Amino acid sequence: MTKETGTSKPGAREIMKRLTQDYYGEAARARQEGRRVAYTTAVSPAELFVAHDVIPVYPENHAVMCIMRRMTPTLSAAIEKKGYTTHLCAYARSDLGYRELDESPIGGLPDPDFLLACNAQCFTLTKWFEVLSRRYQAPLFVLDTPQYIRNDKARRNIIRYVEAQIYELIGALEDLTGRRFDFDRLREVLTLSREACRLYKEFLDLARHRPSPISIFDVLIHMAIIVYLRGTPQAVDYYQTLLEEIRTEKVAKGIGVINNERFRLYWENLPVWFKFREHSELLSSYGAVILTSLYVHAWSYDFDPSDPIRSLAENYTGVFSNVELEERAEMALDLFRRYALNGNIMFLNRSCKAVTFGEHELREILTRETGVPALVFESDMGDPRFYSEVQVKTRLQAYFESLERLNI
Amino acid sequence: MEDPVISELSAIANYPYDMLREYKRQGRRIIGSTLPDVPEELVHAAGLLPFTILGTNRPIRRAGALLPDNSCSLARSTLELVLTYETGLFDGFILPQVDDTTQHLSDIWRRRIPSSFFEPYLVPRQVDRPSSRQWLLDETHRLKESLERYTAGVISDGSLRRSIVLYNRNRRILRRIYAMKRKTPGLISNRAFFELIKSSMFLPKERHNRYLEQLLPRLEQELPSGRTRNLRFVVAGVVWEPPSLMTILDELGIEVVGDDLCTGTRYIEADASTDGDPVGALVDRHFHRGPFSPIHDKGNRILANLLDLVRQHGADGILYLRLKFFESQDYDLPDLKREIQAQGIPIYVLDTEYQTIHLAQTKTRIQAFAESLPGGGT
């Protein structure tokens, strides 16, 4: 239960805590209430599950919680013994390790009745979910989103392919539950999802203010709800409250995340989850604040409830990790322009091949187009064994010195 | 004495680029493609010379700055080959995408390697539902139209069907030789046989067929070489690199009787129909291939296929070639290995990669595995 004092409304943080508890509680009770649980990937048309009263559960989110508690080395060691290698995704290793040791920060996840892997985000998820599908003898549906190449004909075909698969997925959900899929309900869910995504994007765009009232570290905390509760009225209420709160307490008063804002940074790739609090403190000592990344924008979808299947297909196929490198660079450059960014940290993430493998090329484009040098460092988003504190600190210091010298 | 055809094709399999330069001098336009599953018949029917680019064991110099060192060595070395070692040979490229690495490779390649033709080939990464067939049909038509624009010509049904006949012929002879190899151990060395397949990925099919047609009757008449073949292996994985791997199996008296490799069975299995719509026939052929780790299919077809190969060909064990940093294999392996062992079938996992391999160690390891098998002791 959340503690409420007097008549004041609960804050966003409190709401998030309650929503998270409710959500995991609901998932845990699903089986006894005769409801189905589907594991799904963070970038996937989860609205279909919400509309069909199947509870979407995100092993990635749970893996992040394991990482934040620094459980990954132990969890990973358990599956390394079974023959999995350390160069697999830290989410996958944390998740598979949790299943081996049954150690979880939240008492675990319910077993899946169904799995959906959408490969717009990455291809690893398909293989990871294949392992889970075998383990639980639950069907896996791979929603295949070919790279959204910039070719009109290919794009028309790709959308047609993804739409056909969404209909196949709906058929699979009907088989799973024995109930007819309700398209009117899908429109309602998509309307709620659109609203939550719109508010989430407004929240991200608060970083345009100078000084910025939010940093990426705030976003990384508050993005959880858009990932697992989009399509619900709770997500809409939550982002409304969050926006009001920041506008009243920060924007209206001109309060920034740091009071000596000098460097407004772009961050490429996923966060180093187990380090982000420390990174934030370290950066502020240089007058630097990381404002945004393409990663956090991956959930600012724009749905059209009047054409739900097409809209789902377009939004989930066109995500930054599934477009050509040049288009991804344009998406990043748009953030540089809109948020007036003057620094660029590019994290080469051993865990995430899907986001990292094009990064050398991306760096070249971003550096050329912005004139802002990039700090590139290699580590892992979840496994501290691949993180070198000294190296990161030294590189950061040298980077800010060079930005100062260049008078950026 | 090795058959002159085998010697010649082995030489080409080991270094095809002098030959390719000669074709280039003759005015042939060469379209290079990477693994796997590009419908070369389309390229051929467009009057172009298809060629499969298969990486290099020479050192990585420039690709390392473009693809991180935890990416698969096949991708890195293939990129290196066209960036550094065999430059200016290709007029165009077709890059199939099956996973994260090939998707990025396609982007990097398009940006870094000048060519007058470039297409990604977006093969379906699920083949367990009807939508994947329609998608591949659309995508194959797109590739066909793009080739037609490039050559300012038309790929007629007739010419495509003729290419299909030519390619089917090649696959059939290679499958026939494989069947003879299984039946008569020692008839042709593992190295020579797999180099027949590799050279087919390099040579114009007309020429390769002529070679095979000379070789086939000679093999049919030949008696077993008398070399001892103690054991029969199924080889699983992606590619059988480096080539000395097959020599090691030959030296150890191991007969390869089945495989699921992209540079093996996957290249020669399943023919395209010569009736009806030829593009549709190429697409149908794709769905008659065996399983491939990155492509999702229903059930555990990779396991089922390996078990089937072992039983069908009476294999003593499986040699699984794990290509370093080829991620999808790493997700398959622990379960696959456990299941195979549970069926009482011996399996040995050998880590391989382009560029470096410790041959002496590799030989010792395979030998130790072979000796542990019933009938494997010398």
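Structure: above.
Residues numbered from 1 in each chain as written. Chains lettered and ligands numbered in written order. Predicted model: local features only at pLDDT ≥ 70, side-chain atom pairs only at ≥ 80, totals over all residues. Heavy atoms only, no water.

**Section: the pattern of salt bridges**
No. 1: Evaluated as defined, the whole model comprises 77 salt bridges over all chains.
No. 2: Glu314(A) is paired through a salt bridge with Arg310(A); the nearest N and O atoms lie 3.1 Å apart. Taken as a pair, Glu314(A) and Arg310(A) lie in helix α14 (residues 308-317) at a separation of four residues, close to a single helical turn.
No. 3: For Glu314(A), a relative accessible area of 33% puts it in the partly exposed group.
No. 4: The closest approach of N and O atoms between Arg171(B) and Asp271(B), which form a salt bridge, is 3.2 Å. Of this pair, Arg171(B) sits in helix α7 (residues 157-183) while Asp271(B) sits in the loop between α11 (265-268) and α12 (278-287); the two residues are 100 residues apart in sequence, bridging distant segments of the chain. (Salt bridge = Lys/Arg side-chain N within 4 Å of Asp/Glu carboxyl O. Helix = DSSP H or I, 4+ residues; strand = E, 2+ residues; numbered from the N terminus. Buried < 20%, exposed > 50% of the residue type's maximum accessible area, 1.4 Å probe, protein only.)

**Points about the packing of α7(B) against helix α9 (residues 205-221) of chain B**
Residues and elements named next belong to chain B.
No. 1: Running from N to C, α7 and α9 cross one another at 30°; their axes reach a closest spacing of 10 Å. Our classification of the angle between α7 and α9 gives roughly parallel. Crossing hand, α7 versus α9: left-handed. Only Lys205, Glu206, His208, Asn209, Leu212, Glu213, Leu215, Leu216, Leu219 and Glu220 of α9 make contact with α7, whose side of the interface consists of Leu166, Tyr167, Arg169, Asn170, Ile173, Leu174, Arg176, Ile177 and Met180.
No. 2: Class assignment for the residues of the contact of α7 with α9 results in 10 nonpolar, three polar and six charged. (Axes fitted to C-alpha atoms, helices over the stretch in contact; angles between N-to-C directions. Parallel < 35°, antiparallel > 145°, perpendicular 65-115°, else oblique. Left-handed = near helix turned anticlockwise from the far one by under 90°. Contact = heavy atoms within 4.5 Å. Nonpolar A, V, L, I, M, F, W, Y, C, P; charged D, E, K, R; others polar.)

**Some thoughts on the nonpolar core**
No. 1: Grouped together as the largest cluster of nonpolar side chains are 162 residues, with contacts concentrated most on Tyr91(A), Phe114(A), Tyr200(A), Phe203(A), Tyr295(A) and Trp299(A).
No. 2: Of the residues forming this core, the biggest block, 11 residues, is contributed by helix α7 (residues 152-177) of chain A.
No. 3: Once residues lying within four places of it in the same chain are set aside, the contact partners of Phe203(A) are Ile214(A), Asp218(A), Val219(A), His222(A), Tyr239(A), Leu242(A), Leu243(A) and Ile246(A).
No. 4: In terms of nonpolar packing, the next biggest core, distinct from the first, is built from 110 residues, Ile53(B), Ala63(B), Leu67(B) and Tyr354(B) among them. (Core = buried A, V, L, I, M, F, W, Y, C linked by side-chain atoms within 4.5 Å.)

**Here we look at unusual backbone geometry**
Residues and elements named next belong to chain A.
No. 1: The peptide bond linking arginine 210 to proline 211 adopts the cis configuration, its omega dihedral lying at 0°.
No. 2: By the element assignment, proline 211 lies in the loop between α8 (183-205) and α9 (216-222).
No. 3: Not every positive phi belongs to a glycine, and aspartate 102 is a case in point at roughly 55°.
No. 4: Among the secondary structure elements, aspartate 102 is positioned in the loop between α5 (90-101) and β3 (114-118).
No. 5: Aspartate 102 gets classed as exposed once you look at its relative accessible area, which sits at 60%.
No. 6: Its identity is not glycine, yet asparagine 269 carries a phi of approximately 95°, on the positive side.

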